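Letter by letter, the chains look like this.
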Amino acid sequence: MFRRVKNRFLRYIIIGIYSIVLLTCAVQLNFLGLFGYSPTQKDILLPTLNVASELYTADSVLIGRYFDEDRDPVSFDSIAPEVIEALIATEDIRFYKHNGVDFLGLASGIVSTLKGDQRGGSTITQQLAKNLFKTRYAHSQGYLSKIPGVRILITKYKEWMTAYKLESKYSKQSIITMYLNTVSFSNNAYGIKSASLRYFNKLPSALNTNESALLVGMLKGTTIYNPIRNPKNALQRRNVVLSQMEKAGYLDNEQVAKLAQDSLKLDLSFHDNTDANDSYLRSAVYRWLDKWSQDNEIDINKAGLKIYTTIDSRMQKIAENVVAKKMEELQRRLKNTWGSSEPWRDKEGNLIPEFLENQARKLPAYSSLMQRFNNNEDSVFQVLNEKKEMEVFTWDGMEKVNYSTMDSLKHYVMMLNTGMMAMNPYNGEIKVWVGGINHQFYKFDHVNQAKRQAGSTFKPFAYLAALESGMSPCDKFTDKPVKIEFMGKDGMEAWEPKNADWSVSYSDMTLRHAMARSLNTITAQVTEAVGPNKVVETAHKCGIDSKLQAVPSVGLGPNDVSVYEMVKAYATFMNAGKTTEPILVSKIVDQEGHVIASFETEHKQVISPENAWLMTYMLRGTIEEPRGTSQALWEWDLFKENNQIGGKTGTSSDYVDAWYMGVTKDLIAGVWVGCDEQSIHFKNSASGEGSKTALPIYAMFMEEVYKHPELGVTFGKFPEPTVEITKTYQCPTPRAQYVAPVDSTNTDLDTDVELDPLQENQNSTEESTTEEQ
């Protein structure tokens, strides 16, 4: 059809135009997969979605975001004019004169390159297209990109088309604003606001000419012109930008000469607020969604999702405040316990040699210094012991100190940590998740990543195994010395458990009373009667997933478990013997507002409803029975309106791990307290057992929660049994003179008798028990 055009010159022009139109259509449609992805009209209209997913609590409070490149966009009016001037003068002097592609500038760039002065011809709009739509990444390439030289031509052409699309939809101000909000300035600074805060500790509206020139100059190469790593290069590049601003008419010669004399004047004192985007909860949800993301091939860092957790922001805040207040007190207590003595001790109380040095050998700085000093460790530790000004985390905030690296290491290893989780036992919704004292300094989550010895909080599984084997809460065992022989690794061995206070009463006690007092001698007998394997099986059925050793002492909690597992397992008691799988995320909503995933708990009947109810009755015994180990709860305002609480304290050997598990009609909660380094711990029961450390955190939390009935946790009695209770359980224990309760698997405890600080509450407790019985 082109032959109809008689004029050869005109015919070639028409053929050229036709070819360009055909090429454009082929590129846009990605014909036969030859050209790769090109941004659609929808992409152009919504260029900044597909960036981050947002994390919400159940009550719709934004608590975090997931992203690969975090940006905090600002408006055009929030950017200093000097930044705009520096950018245009350096990157695209004809920015306001072209429609996305500057052919005049492109021709000029080619001529300059041929003369040996390499200069890019891309406009700001083209660079925006490249940044927004990743046009040079592998996912945007087609089959033709494998041909040498063809890839860059196709990519450039797609960037031209995209630039024209952007110019047709957005004003020049919008384009330059989007550009400054998308570019990287190195050091995890994406966008002009992050960069201005990172390098100058000020908002972009407050940047002066030199600061603006420095940041714009970095865009040519964020590594080579990084002012922190390469200050000389950055200074030279800044002055080049000043010269470009002079050529563009924004500055005169005198101003440039004066500005060029200034130093970089960086202010690197800005610290990111990591609370919103770096937290135990945010990390826990990310791990929780890992399998879902893989199964559905969705990258939550880029999908623009709204993820709704089951967490109640108000309850979470109460828990965080209580933990902060109580852990500060406990930290002082631990420090006073040891004074100027080194706290890292072995089982015999001897100082562990080279403890801090071994900790230092795990640091990245140690490896780096060993390379620097040719494996001369003496020189390495000489550097690590050099004092310098630094900031360390304390409960009074960040504190400036004159510490060496070794001093800092000692400070951090001596910090007590904690893990706390609270859950609705019926629907599995997790309401509170406190993974530690500070996620910035202690990344390890103490709710479901850390596993520690459960101590006496594990004893209920031994007593549940007894109930499942046919026993009742009123069956009796004698508190007496116990010797259990078993086959160990080296033949027959004997185990002789001792009660926490080293005494035995030789009295007969019901199972409820024995569990309430947490007697090791009777727990050992119960375990022997049902068999350690039965205790392990019972714990696993209830929800403990960790591997458990079926040793004679299994009922005393020598195995390592997580707070998450313990809360899940205790929920089985309240949920009529059905396991309740914890739920941390309730639903996920896509960018269009459609619910693309929802999550509900799974139930499985694992123990009889009768025995489950009897276990809740036995857990209440730690408060209601004489010398019950949870009676410290009476110090708090928790028992209005005939409220009932069950619970179990726990303390592992040498006061390394302190626990409290609390059960109410609405909520199951677990608390663990201890140091990450298990060789650092309290010295005695008065300061370190579960009732003195973990229990107060639970009590303070519940006391505050009960003040807000709108949270759905209210005073009241436990649910009535849903089945007939055929076993005898009404077996009141005679009350004797009060002796301070001690609950620990430890056998090296202070045995001082304390006066009962809550003696006036004993009568009301006994009356409540009498009414039940």
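Here is what the cut-offs are and how they apply
Throughout this document, residue positions are counted from 1 along each chain, in the order its sequence is written. Where totals are concerned, whole chains, interfaces and linings use all residues; where local detail is concerned, this predicted model gives features only for residues with pLDDT of at least 70, and gives and counts side-chain atom pairs only at 80 or more. Water and hydrogen atoms were dropped before computing side-chain values, which therefore reflect all heavy atoms in the structure. Segments assigned H or I by DSSP are reported as helices when at least four residues long, segments assigned E as strands when at least two residues long, and all are numbered from the N terminus. Burial classes follow relative accessibility: with a 1.4 Å probe on protein chains only, a residue under 20% of its type's maximum area counts as buried, one over 50% as exposed, and anything between as partly exposed. Whether two residues touch is decided by their heavy atoms; if any such pair falls within 4.5 Å, the residues are in contact. Values of accessible area rely on a 1.4 Å probe in the Shrake-Rupley scheme; residue burial ignores everything except the protein chains shown. Only strands joined by at least two bridges in the DSSP assignment are considered to pair. A fitted line through C-alpha atoms serves as each axis, taken over the contacting stretch for helices, and the angle formed by two N-to-C directions is quoted from 0 to 180°. Here, two cysteine sulfur atoms that lie within 2.5 Å of each other are counted as a disulfide. A pair is scored as a salt bridge if a Lys or Arg side-chain nitrogen falls within 4 Å of a carboxyl oxygen belonging to Asp or Glu. Side-chain atoms within 4.5 Å link the members of a nonpolar core, which is a set of buried Ala, Val, Leu, Ile, Met, Phe, Trp, Tyr and Cys residues. Here a polar contact is recorded for every N or O atom pair within 3.5 Å, except that within protein the pair must consist of a potential hydrogen donor and a potential acceptor, and residues adjacent in sequence are included only if both atoms are side-chain atoms. Planes of paired rings set the category: under 30 degrees apart is stacked, over 60 is edge-to-face and the rest tilted, where pairs are Phe, Tyr or Trp rings (Trp by its six-membered ring) whose centres lie within 6.5 Å. Only when the NZ of Lys or the CZ of Arg is both within 6 Å of the ring centre and within 35 degrees of the ring normal is a charge said to sit over the ring. What a helix should span is 1.5 Å times the count of its residues minus one. All tallies of charge rest on Lys and Arg as positive and Asp and Glu as negative; His and the ends of each chain are not included. With the far helix as reference, a near helix turned anticlockwise by less than a right angle produces a left-handed crossing, and one turned clockwise produces a right-handed crossing. In the scheme used here, Gly and all other residues not listed as nonpolar or charged are polar, with Ala, Val, Leu, Ile, Met, Phe, Trp, Tyr, Cys and Pro taken as nonpolar and Asp, Glu, Lys and Arg as charged. When an angle is under 35 degrees it counts as roughly parallel; over 145 it counts as roughly antiparallel; between 65 and 115 it counts as roughly perpendicular; any other value is oblique. On a scale of 0 to 100, pLDDT captures the predictor's confidence in every residue.

Participant: So what exactly am I meant to see when it comes to the overall build of the protein here?
Facilitator: Along the backbone of the protein there are 27 helices and 20 strands. Out of the 773 residues in the protein, the part that is buried amounts to 52%. Of the contacts made within the protein by residues no fewer than 6 positions apart, 71% connect residues no fewer than 24 positions apart. For the protein, the exposed surface amounts to about 36,300 Å²; the carbon and sulfur share of it is 51%.

Participant: Hey, could you run me through the sheet that holds strand S6 (residues 416-423) in this one?
Facilitator: Sheets are built from strands that pair by backbone hydrogen bonding, the pairs being arranged parallel or antiparallel. The strand order S7-S6-S20-S19-S18 describes an open sheet built from five strands, whose pairing is antiparallel. Each of the sheet's edge strands pairs with one partner strand only, and the pair in question is strand S7 (430-434) and strand S18 (646-651). Sheet twist, expressed as the mean angle between neighbouring strand axes with direction ignored, is 5°. Alignment of S6 against strand S20 (residues 668-675), held across eight bridges, turns out to be antiparallel.

Participant: Quick question: what am I supposed to make of the environment of Thr-579 here?
Facilitator: Along the chain, the position of Thr-579 falls in strand S14 (residues 578-580). Each C-alpha atom, one on Thr-579 and one on Cys-542, is 6.1 Å from the other, the two residues being 37 residues apart in sequence. Residues within four places of Thr-579 in sequence aside, it is in contact with Lys-541, Cys-542, Thr-572, Glu-602, His-603, Lys-604 and Val-606.

Participant: Can you help me understand the state of the cysteines in this one?
Facilitator: When the sulfur atoms of two cysteines share a covalent bond, that bond is a disulfide. Counted under the stated rule, the structure contains one disulfide. Disulfide pairing is shown between Cys-474 and Cys-731; the S-S distance is 2.1 Å. Across the S-S bond linking Cys-474 and Cys-731, the dihedral sits near -95°, which makes this disulfide left-handed. Of the two residues, Cys-474 sits in the loop between helix H19 (459-468) and strand S9 (476-478) while Cys-731 sits in the loop between helix H26 (690-706) and helix H27 (759-772), which places them 257 residues apart along the sequence.

Participant: Would you mind going over the pattern of salt bridges with me for this structure?
Facilitator: Once the charged atoms of two side chains with opposite charge are near each other, the side chains can pair. Counted according to the given criterion, the structure contains 28 salt bridges. Across the pair Asp-545 and Lys-568 runs a salt bridge whose closest N-O atoms are separated by 2.7 Å. Of this pair, Asp-545 sits in the loop between helix H22 (532-542) and strand S13 (560-561) while Lys-568 is found in helix H23 (residues 563-574), placing the two residues 23 residues apart along the sequence. For Asp-545, a relative accessible area of 56% translates into the label exposed. One salt bridge in this structure joins Lys-665 and Asp-666, with 2.7 Å as the shortest N-O distance. Just as Lys-665 is buried, Asp-666 falls in that class too. Salt bridges linked by common partners bring Arg-512, Arg-620, Glu-624 and Glu-625 together as one network.

Participant: Just to check I follow, could you spell out the pairing of strand S5 (residues 397-403) for this structure?
Facilitator: Regular strands have side chains that alternate between both faces of the sheet. Both strand S4 (residues 388-394) and S5 contribute to a ladder of seven bridges, which runs antiparallel. Considered in S5, the bridge of Val-392 is made with Glu-399. Taking the residues between adjacent antiparallel strands as the criterion, S4 and S5 are bridged by two residues.

Participant: Please clarify how the nonpolar core should be interpreted in this entry.
Facilitator: A general tendency of soluble globular proteins is for nonpolar side chains to be buried together. Counting 143 residues, the largest nonpolar core has Trp-433, Phe-461, Leu-633 and Phe-701 as its most contacted members. Setting aside its immediate chain neighbours within four residues, Phe-461 contacts Val-535, Thr-538, Ala-539, Cys-542, Ile-544, Met-566, Ala-569, Tyr-570 and Phe-573. Counting 43 residues, the second largest nonpolar core, distinct from the first, contains Ala-89, Phe-95, Leu-207 and Met-218.

Participant: For this particular structure, what's the right way to read unusual backbone geometry?
Facilitator: Glycine aside, the phi torsion of most residues is negative, and most peptide linkages are trans. Non-glycine residue Glu-297 carries a positive phi angle of around 50°. Positive phi, close to 60°, is recorded for Tyr-655, a residue that is not glycine. Residue placement: Tyr-655 occurs in the loop between S18 and strand S19 (658-663). Residue classification places Tyr-655 among the buried residues on the basis of a relative accessible area of 3%.

Participant: How do you make sense of helix H17 (residues 377-384) when you look at a structure like this?
Facilitator: Given 3.6 residues per turn, any residue in an α-helix points the same way as the ones three and four places further on. Among the residues making up H17, those that are buried are Ser-379, Val-380, Phe-381 and Leu-384. Of the surrounding secondary structure, the elements contacted by the buried residues of H17 are helix H15 (355-360), helix H16 (364-372) and helix H18 (405-413). Capping of H17 at its N-terminal end is provided by Asn-376; its side-chain oxygen lies 3.2 Å from the backbone amide nitrogen of Asp-378.

Participant: Explain the packing of aromatic side chains here, please?
Facilitator: The relation between two aromatic rings is expressed through the spacing of the ring centres and the mutual angle of the planes. Evaluated as defined, the whole model comprises 21 aromatic pairs. On the numbers, 5.6 Å between centres and 20° between planes, the contact of Phe-393 with Phe-441 is stacked. Of this pair, Phe-393 sits in strand S4 while Phe-441 is found in the loop between S7 and strand S8 (452-453), placing the two residues 48 residues apart along the sequence. On the accessibility criterion, Phe-393 (7% relative accessible area) is buried. One aromatic cluster is present, built from ring pairs that chain together Phe-393, Trp-395, Tyr-412, Phe-441 and Tyr-442. Sitting over the ring of Phe-95, Lys-172 keeps its end group 4.5 Å from the ring centre. The ring of Tyr-225 has Arg-237 sitting right over it, with the charged end atom 5.8 Å from the ring centre.

Participant: Please clarify how H23 should be interpreted in this entry.
Facilitator: The first and last C-alpha atoms of H23 sit 17 Å apart over twelve residues, in line with the 16 Å expected at 1.5 Å per residue. Burial analysis of H23 places twelve of its twelve residues in the buried class, which makes it a mostly covered element. Those residues of H23 that fall on the buried side of the exposure criterion are Val-563, Tyr-564, Glu-565, Met-566, Val-567, Lys-568, Ala-569, Tyr-570, Ala-571, Thr-572, Phe-573 and Met-574. Phi turns positive, to about 55°, at Ala-576, one or two residues after H23.

Participant: It is not clear to me how the side chain of Arg-237 should be interpreted in this structure. Could you clarify?
Facilitator: Looking at where Arg-237 falls in the secondary structure, it is placed in helix H10 (residues 231-247). Glu-91 provides the closest opposite charge to the buried, salt-bridge-free Arg-237, at an N-O distance of 4.4 Å. One polar contact links the side chain of Arg-237 to the main-chain carbonyl oxygen of Gly-217, over a distance of 3.2 Å.

Participant: How do you make sense of the sheet that holds strand S3 (residues 306-309) when you look at a structure like this?
Facilitator: Strand order in the open sheet made by the five strands is S2-S1-S3-S15-S16, with mixed pairing throughout. Edge positions in the sheet fall to strand S2 (62-66) and strand S16 (595-598), since each of these pairs with one other strand and no more. Sheet twist, expressed as the average angle between the axes of neighbouring strands with direction ignored, equals 20°. Alignment of S3 against strand S15 (residues 585-589), held across four bridges, turns out to be antiparallel. Across the sheet, the residue bridging to Lys-306 is Val-589, located in S15.

Participant: Just to check I follow, could you spell out the packing of H19 against H23 for this structure?
Facilitator: When two helices pack together, you describe them by how their axes are tilted relative to each other and by the distance separating the axes. In contact at an axis separation of 11 Å, H19 and H23 are set at 35° when each is read in the N-to-C sense. Two packed elements cross with a definite hand, and for H19 against H23 that hand is left-handed. Note on element contacts: H23 touches H19 through Met-566, Ala-569, Tyr-570 and Phe-573, opposite Pro-460, Phe-461 and Leu-464. In terms of residue class, the contact of H19 with H23 is built from seven nonpolar, no polar and no charged.

Participant: Which parts of the structure should I look at to understand the packing of helix H3 (residues 81-91) against helix H9 (residues 209-218)?
Facilitator: The contact between H3 and H9 brings their axes to 8 Å, and the two run at 45°. Classed by the angle they form, the pair H3 and H9 counts as oblique. In terms of crossing hand, the pair formed by H3 and H9 is right-handed. The segment H3 lies against H9, with Glu-82, Val-83, Ala-86, Leu-87 and Thr-90 engaging Thr-209, Ser-212, Ala-213 and Val-216. Grouping the constituent residues of the contact of H3 with H9 by class yields five nonpolar, three polar and one charged.

Participant: It is not clear to me how the confidence of the model for the protein should be interpreted in this structure. Could you clarify?
Facilitator: A low pLDDT means the predicted coordinates there should not be read in detail. On average, the protein scores 85 in pLDDT, and the residues at 70 or more come to 81%. Across residues 272-277, confidence stays below pLDDT 50; counting only partners more than four residues off in sequence or on other chains, it has 13 contacts. Note that residues 747-773 has pLDDT below 50 and, in this model, 50 contacts with residues that lie over four places away or in other chains.

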